[in-house]
Structures are given as C-alpha cells and as structure tokens.
Amino acid sequence: MKFSDNLVKYRKKAGLTQGQLAAKLSVTPQAVSKWEKGSYPDSELLPELSKALDVSLDVLFALKSDDGKINATNAAAKKMRRGQGAIYNGAVLLAHLHI
C-alpha cells in the first residue's frame, strides 16, 4: 500500500472526516485531500499525524505492517535500507521524542 492509501485507511479507522483530521493538524481539509490523492504532508506534521491517527509512521508509510513486520517489498523500505530516507528518519526521531 502507498502512504495515501494508508492515510485514508487509518483516518477512516479513527472515525475522522478529512475536515476533522485537518482541524487536529491545523491545516485545511483541502490539504488532507491532496495527501490522500498522492502528495505528502510537511515533515513537521508527521508526528502529529501519527498521534491523530493512532498509528506509527512505519505503518503509515507502509514500511511495516499492522503486526510490526517489515514490508521489504515497499520502495520506501528499500530506500530506508539504503540510507536514503533522511526526511523520514528525522520525522521518526521527532515522533519518538514527542516533539
């Protein structure tokens, strides 16, 4: 699955509309709609997004499945193994620090 697919899945699982998620993140509903169509939020929003949806960034970005297993077939996971995920790594660090 792609980030956009997971965003829709976990937003709905959390029982949130695009507008409700947007309000939690202090963005417009149009921004959430764009993310769900394939763009990405600013990295600064990722820790808040993870908390709002009650899902780890690893799962949201499809690096891991819901059960915690690494998704090695995902392109993002391959990039992480090659050390090309600097923005994602920074966002994960921020999420773990709860900044």
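These numbers were taken from a predicted model, which means no experiment stands behind them.

Reading guide: rules and limits
Residues numbered from 1 in each chain as written. Predicted model: local features only at pLDDT ≥ 70, side-chain atom pairs only at ≥ 80, totals over all residues. Heavy atoms only, no water. Helix = DSSP H or I, 4+ residues; strand = E, 2+ residues; numbered from the N terminus. Buried < 20%, exposed > 50% of the residue type's maximum accessible area, 1.4 Å probe, protein only. Contact = heavy atoms within 4.5 Å. Areas by Shrake-Rupley, 256 points an atom, 1.4 Å probe, with all protein chains shown as cover. Phe/Tyr/Trp six-rings, centres within 6.5 Å; stacked < 30°, edge-to-face > 60°.

Enquirer: Is there a simple way to think about the overall build of the protein chain in this case?
Expert: Along the protein chain, the regular secondary structure elements total 7 helices and 0 strands. Going residue by residue from the N terminus, the α and β elements of the protein chain occur as α-α-α-α-α-α-α. Looking at the protein chain as a whole, 37% of its 99 residues qualify as buried. Of the contacts made within the protein chain by residues no fewer than 6 positions apart, 51% connect residues no fewer than 24 positions apart. When the accessible surface of the protein chain is totalled, it reaches about 6,100 Å², and 54% of it is carbon and sulfur.

Enquirer: What should I look at first to understand the environment of Ser-50 in this one?
Expert: Counting through the fold element by element, Ser-50 comes out in helix H4 (residues 46-53). Accessibility expressed as a relative area gives 12% for Ser-50, which makes it buried. Considering only alpha carbons, one finds Ser-50 and Leu-7, 43 residues apart in sequence, at a separation of 9.8 Å. Ignoring anything within four residues of it in the chain, the contact list for Ser-50 reads Val-55, Ser-56 and Leu-57.

Enquirer: Just to check I follow, could you spell out the packing of aromatic side chains for this structure?
Expert: Two aromatic rings, taken as a pair, are described by how far apart their centres are and by the angle between their planes. Summed over the entire model, instances satisfying the criterion amount to 3 aromatic pairs. Where Phe-3 meets Tyr-40, the ring centres are 5.2 Å apart and the plane angle is 35°; that geometry is what we call tilted. Of this pair, Phe-3 sits in helix H1 (residues 3-13) while Tyr-40 sits in the loop between helix H3 (29-36) and H4, and the two are 37 residues apart along the sequence. In this structure Phe-3 comes out as buried when scored by relative accessible area, which is 3%. Judged by relative accessible area, which is 53%, Tyr-40 ranks as exposed. The structure contains a cluster of three or more aromatic residues connected by ring pairs, namely Phe-3, Tyr-40 and Phe-61.

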